[in-house]
Amino acid sequence: MKKIVVFTGAGISAESGLSTFRDSDGLWEKYRVEDICTHEAWERNPQLLVDFYNARRRDALKAQPNAAHIAIARLQQAMPSTQIITQNVDDLHERAGAKNVVHLHGEITKLRSSINETATVPLEGWEQHYGDRHPDGSLLRPYIVFFGEGVPYFTLACDIASTADIMIVVGTSLNVYPAASLLQYAPDKAQIYLIDPGQPALSPYGARIQHIRKKATEGVPQLVESILSNAEE
Ligand code: OAD
């Protein structure tokens, strides 16, 4: 049975009503990334950062998985070796039924210690109150990997990518590193599909990628159907 690796970005959750980052109506058009998603921003104005992620958390909790999240969960159920890596901090893959999702950039439903990048605690509801502390005594901060910080699960993600026969990439501009370089870890023989109606930064990966210019809710279920029917042959 072929090994499938799925790698998703903000575009897969766009049709669930969650904003992407770099589209014309994206979050980084409305906010300066330096004010929100850096360690310096956390030191300078933590309340602004907490308010920003509280709003993201409220939106994410209200959102529902869409047909693309559901198709990926179905693919994993039918082909249990399928592994899912996401840049997204929402939990829509999990709520669609996916298991063992690797979140490269953190998880909005959790907070973390400010001195230990993997010491996380779950948060009930949408609201973080600034000033609450982790059991290790440090201030709790949103469990978001800020720009300039290490990506704790990147090595794990590379190991997973290196086992792919088929890689399905969905809804990412491929602008943020090291996450975007995951495609380079797919073996040369692997077939890579990218489902994204926009213009992701594909040039480093060249001709080996089949770009399907469709929205996630259309392109992902179609591709999953085709993979599952080929697997039955
Ligand atoms: P971007 O906002 O950079 O890119 C979103 C991609 O989704 C674009 O390529 C769009 O064309 C595509 N898109 C929009 N609507 C879509 C739809 N309905 N179906 C499929 N694709 C669609 O988001 P990411 O590449 O995920 O990091 O951004 C990477 C990281 O940058 C994020 O994880 C976040 C951000 O800063 C952190 O917050 C640490």
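Figured I'd write up the structure that's included with this text. Just so it is clear, the structure is predicted and the values come from calculations on it, not from any experiment.

**Some details on the packing of aromatic side chains**
Inspection of every chain in the model, using the stated rule, returns six aromatic pairs. On the basis of an interplanar angle of 15° and a centroid distance of 5.9 Å, the ring pair of Trp28 and Phe52 is categorised as stacked. One end of the pair, Trp28, is in helix H2 (residues 27-30); the other, Phe52, is in helix H5 (residues 46-62), and 24 residues separate them in sequence. The same class applies to Trp28 as to Phe52, namely buried. On the numbers, 4.8 Å between centres and 85° between planes, the contact of Phe52 with Tyr53 is edge-to-face. Looking at Tyr53, the relative accessible area reads 5%, which means it is buried. Three or more aromatic residues link up through ring pairs in this structure, and these residues are Phe21, Trp28, Tyr31, Phe52 and Tyr53. Cation over ring: Arg56 sits above Phe52, and NZ or CZ is 4.6 Å from the ring centre. Above the ring of Trp126, the side-chain terminus of Arg58 is found at 4.3 Å from the ring centroid.

**Remarks on the site of the ligand**
Around the ligand, the surrounding shell holds 24 residues, and the nearest of these are Phe21, Arg22, Thr172, Ser173 and Asp196. Note that an oxygen atom of the ligand is positioned 2.8 Å from one of the side-chain N or O atoms of Trp28. Separating an oxygen atom of the ligand from a backbone N or O atom of Gln87 is a distance of 3.1 Å. Bound to the protein, the ligand loses 94% of the 800 Å² it would expose on its own. A breakdown of the residues in the shell around the ligand according to their chemical character gives 10 nonpolar, nine polar and five charged. Lining the shell around the ligand are residues from two domains, each supplying at least three of them: domain 1 (1-17 + 66-105 + 151-233) and domain 2 (19-62 + 109-144).

**Overview of the nonpolar core**
Grouped burial of nonpolar side chains is what soluble globular proteins tend to show. Membership of the largest hydrophobic core comes to 27 residues, with the highest contact counts inside it found for Phe7, Ile85, Leu104, Met167, Leu182 and Leu183. Sorting the residues of this core by element identifies strand E1 (4-8), helix H8 (154-161), strand E7 (166-170) and strand E8 (191-195) as the ones contributing at least two each. With five residues, H8 is the largest single contributor of residues to this core.

**As for the sheet that holds strand E4 (residues 106-113)**
Across the sheet, three strands lie side by side as E5-E4-E6; this open sheet has antiparallel pairing. The open sheet has two edge strands with one neighbour each: strand E5 (120-122) and strand E6 (140-144). Ignoring which end each strand starts from, the neighbouring axes of this sheet average 45° apart. Pairing between E4 and E6: four bridges, direction antiparallel. Counted as the bridge partner of Gly106 is Ile144 from E6. Sheet contacts for H5: E4 and E6; angle to E4, the most-contacted strand, approximately 140°.

Scoring rules and cut-offs
- As a convention, each chain's residues are numbered from 1 in the sequence order in which they are written.
- Residue-level local features of this predicted model are given only where pLDDT is at least 70; pairs of side-chain atoms are given and counted only at 80 or more, and the full residue set underlies all totals for whole chains, interfaces and linings.
- In computing side-chain properties, one takes all heavy atoms of the structure into account and sets aside hydrogens as well as water.
- For Phe, Tyr and Trp, rings pair up if their centres lie within 6.5 Å, where Trp contributes its six-membered ring, and each pair is then called stacked (planes under 30 degrees apart), edge-to-face (over 60) or tilted (otherwise).
- Secondary structure elements follow DSSP: runs of H or I no shorter than four residues count as helices, runs of E no shorter than two count as strands, and numbering proceeds from the N terminus.
- Buried, partly exposed and exposed residues are distinguished by accessible area as a fraction of the type maximum, computed with a 1.4 Å probe on protein chains only: under 20%, between the cut-offs, and over 50%, respectively.
- Ring-over charges, as used throughout, are those where CZ of Arg or NZ of Lys falls within 6 Å of the ring centre and within 35 degrees of the ring normal.
- One heavy atom within 4 Å of a molecule or strand makes the whole residue count as near it.
- What qualifies as a polar contact is a pair of N or O atoms within 3.5 Å, subject to a donor-acceptor requirement within protein and to the restriction that residues adjacent in sequence count only when both atoms come from side chains.
- For the accessible areas, the method is Shrake-Rupley and the probe is 1.4 Å, while residue cover comes only from the protein chains on display.
- The classification used treats Ala, Val, Leu, Ile, Met, Phe, Trp, Tyr, Cys and Pro as nonpolar, Asp, Glu, Lys and Arg as charged, and all other residues, Gly among them, as polar.
- Segmentation into domains, and thus their bounds, comes from an automatic or database assignment.
- Each nonpolar core is a collection of buried residues, namely Ala, Val, Leu, Ile, Met, Phe, Trp, Tyr and Cys, held together in the definition by side-chain atoms within 4.5 Å.
- Between any two strands, at least two bridges found by DSSP are needed for them to pair.
- To get an axis, a line is fitted to the C-alpha atoms, and for a helix only the part in contact is used. The angle between two axes follows their N-to-C directions and goes from 0 to 180 degrees.
- In what follows, residue pairs with any heavy atoms lying within 4.5 Å of each other are defined as contacts.

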